[in-house]
Amino acid sequence: MSTRALLAAVAPHARTACLAPASTGRRARFSTSVQQAAGQYHRSDFSGQGYTGIYEANQQTSGPLAGAPIVGAPRITPKALKQHQDQYVVGQERPKKILSSAVYNHFQRFQEHLRQKDEQADLDAQAQRREHGYRHPVEDEFPGQQPTMRLYTPPHHLHTSPPPAPVETPPILDFSPLQIEKSNVLLLGPSGVGKTLMIKTLARVLDVPFSISDCTPFTQAGYIGEDAEVCVQRLLAAANYDVAAAEHGIICLDEIDKIATARVSHGKDVSGEGVQQALLKIIEGTTLQIQAKPERGASGRSPGAPGSFSSSNPLDGGRGGQGSGSSGSPGGKGEVFNVRTDNILFICAGAFVGLHKIILDRTSKGSIGFGAQVRSSNAEAGSHETMVESDDVLFKEQLPFFVSSQPDPFAPNQPKSQKRQINILDYVEPSDLQRYGMIPELVGRIPITCALSALDEESLVRVLTEPRNSLIRQYEQLFHLSGIEIRFTSGALREVAKRATGMGTGARGLRTVLERILEDCMFEAPGSHTKHILITQAVAQLKAAPLTFQRGHSSNFHAAIAQEEEQWEEALRQKEESANVRNFEEYRKKSFVAGAG
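Attention here is on the structure that accompanies the text. Owing to the predicted nature of the structure, the values given are computational and were not obtained by experimental measurement.

**Examining the pattern of salt bridges**
Then, number 1: One pass over the full model with this rule turns up 17 salt bridges.
Then, number 2: Across the salt bridge formed by Glu466 and Arg462, the nearest N and O atoms sit 3.2 Å from each other.
Then, number 3: Classification of Arg462 by relative accessible area gives partly exposed; the value is 32%.
Then, number 4: Across the salt bridge formed by Arg573 and Glu570, the nearest N and O atoms sit 2.3 Å from each other.

Below, the structure is given as structure tokens:
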């Protein structure tokens, strides 16, 4: 009875003390709900709450990061790779996008492979710990001790009743993880358009081993020349003989069109179809036994280092010491490494001279009858054989990829069919490559095909000035080492690009033209009183000598530059005015006005 009285006496105070926190909690929940509705949160709103979730490694989480990838945010993206290529390669937008995407997907495959490998290792470790839980500790303290007793009975041993006889054959279950196959790339394009430059540009920023191999010296096994396995050997050397890193590297097979099947009158084609058959198993995926035979002058480098691919240049022999034995593999000259090529990305590049004719024979309409289009040869240069000027409607239906063609809404009186430059190599199909001489098995294992366009005069002017390592900047730095400043006018740059266009060697012709123009300056200017050199349009046309200015005449140097630029702008203005003249009457009126002014 006393206990009940005591409870009755204390109950009013206890009720008051308990109602205060309850009302506070209701006000806190009400204020929190109001803030959530308004979208405002404070740190103190969550200080009194407990844990709302758990985190497990390699498992999806709940909350705002539920949709984030398990491997984390990628360090590189296709857009970042393309922006890096834009600093060195002019134009070629679609090839740069495709190559950047292929390299990014290779990184994603590599990260997924590592994640699956770590996940399997965790599962094996869990199974091993679970198995050790039913063993006596003495069996671990003394290695080799036979199991004598079990402390606990495993769960699968509690019920030892025999399983019922199966009525029908159970299905075969495969619990292997999803495997993402690689997509190799083939780059097509004439010489000097930037195929190798794009690949070398990406090689400087990659975190995987990279190597470039020329397919020209490849021959069938047993004949004089290099075997096809040399490309994997160079990749292994670039990875510093790290097999795990080399198995996820990138191999560039340059000049792959040189191993096309050739029609020989007698004997065997040892450098054509035989090499393609050898490359077939390497590109598809196999295990090769590579012996440690480093190339002359190839030093051990870390994976992904700049210029990590081995070079076959004989001038590089002095870099790695005396002889080929000074820079060998870690295990010695006779060590053999087993390298799997399943996860190695192959990027093939080639000019494929004459392939555009095969494509035109397939895509062009009949040349008989009225209205039929006749194919005309380009008499200006051989570099533009792959570029034609045609109607959009004619080739748009046969284009193997989508191109957005949105007309300008502000342009009046737009014609229905507009002439534009078309790259014939964009229409390549696997059947065209087979007719060229590539075996169908090899063509089918390179699913991505991308064509590079030939460089016109405007593109060559951009090549001279825009890239970070442009030729103009190289020659300016070269003369700057001798204390000489050299400048090129706009007319000179245009003339250099015009002369290089007629050579048919693409961007490589620019260096040839510049060397011919600057050969006297590079010989006489160093060590003389010359401080400034100006290359004008007349100098580029080989009609005058370069203008040289001695020390103290910098004002005359800059005045000459301004005068040349004014003359060039005036010539462009007159050219535009003459292009806008529609008939002879307008020409007479403009000539009269110009003469009266």
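Following the structure, the description resumes.
**A look at the packing of aromatic side chains**
Then, number 1: Considering all chains together, one arrives at three aromatic pairs under this definition.
Then, number 2: The interplanar angle of 55° and the centroid separation of 5.2 Å between the aromatic rings of Phe352 and Tyr436 together place this pair among those described as tilted. Remark: Tyr436 occurs in helix 11 (residues 430-436) and Phe352 occurs in the loop between strand 6 (345-350) and helix 9 (355-363); sequence separation between them is 84 residues. Summarising the burial analysis for this pair, Phe352 and Tyr436 share the class buried.
Then, number 3: The positively charged end of Arg204 is found above the aromatic ring belonging to Tyr88, 4.8 Å away from the centroid.

**Quick look at the sheet that holds strand 11 (residues 530-535)**
Then, number 1: Taken together, the three strands give an open sheet; going across it, the order is 10-11-12, and neighbouring strands pair in mixed fashion. Each edge of the open sheet carries a strand with a single partner, namely strand 10 (485-488) and strand 12 (547-550). Pairs of neighbouring strands in the sheet enclose a mean axial angle of 15°, with direction left out of account.
Then, number 2: As paired strands, strand 10 and strand 11 are joined by four bridges and run parallel to one another. Directly across from Glu485, in strand 11, lies its bridge partner His532.

**Section: the environment of Val353**
Then, number 1: Mapped onto the fold, Val353 is located in the loop between strand 6 and helix 9.
Then, number 2: In the structure, Val353 is positioned 165 residues away from Leu188 in sequence and 9.7 Å away in space, judged by C-alpha atoms.
Then, number 3: Setting aside residues no more than four positions away along its own chain, Val353 makes contact with Asp257 and Tyr436.

**What about helix 6 (residues 230-238)?**
Because each turn of an α-helix spans 3.6 residues, side chains separated by three or four positions end up pointing in the same direction.
Then, number 1: Of all nine residues in helix 6, nine are buried, a share of seventy percent or more.
Then, number 2: Of the positions making up helix 6, those classed as buried are Val230, Cys231, Val232, Gln233, Arg234, Leu235, Leu236, Ala237 and Ala238.
Then, number 3: Packing partners of the buried residues in helix 6 comprise strand 2 (210-214), helix 7 (243-246), strand 3 (250-254), helix 8 (273-284), strand 4 (287-291) and strand 5 (336-340).
Then, number 4: Just past helix 6, the residue Asn240 takes up positive phi, approximately 60°.

Scoring rules and cut-offs
Residues numbered from 1 in each chain as written. Predicted model: local features only at pLDDT ≥ 70, side-chain atom pairs only at ≥ 80, totals over all residues. Heavy atoms only, no water. Salt bridge = Lys/Arg side-chain N within 4 Å of Asp/Glu carboxyl O. Buried < 20%, exposed > 50% of the residue type's maximum accessible area, 1.4 Å probe, protein only. Phe/Tyr/Trp six-rings, centres within 6.5 Å; stacked < 30°, edge-to-face > 60°. Helix = DSSP H or I, 4+ residues; strand = E, 2+ residues; numbered from the N terminus. Lys NZ or Arg CZ within 6 Å of the ring centre and 35° of its normal. Pairing = 2+ DSSP bridges. Axes fitted to C-alpha atoms, helices over the stretch in contact; angles between N-to-C directions. Contact = heavy atoms within 4.5 Å.

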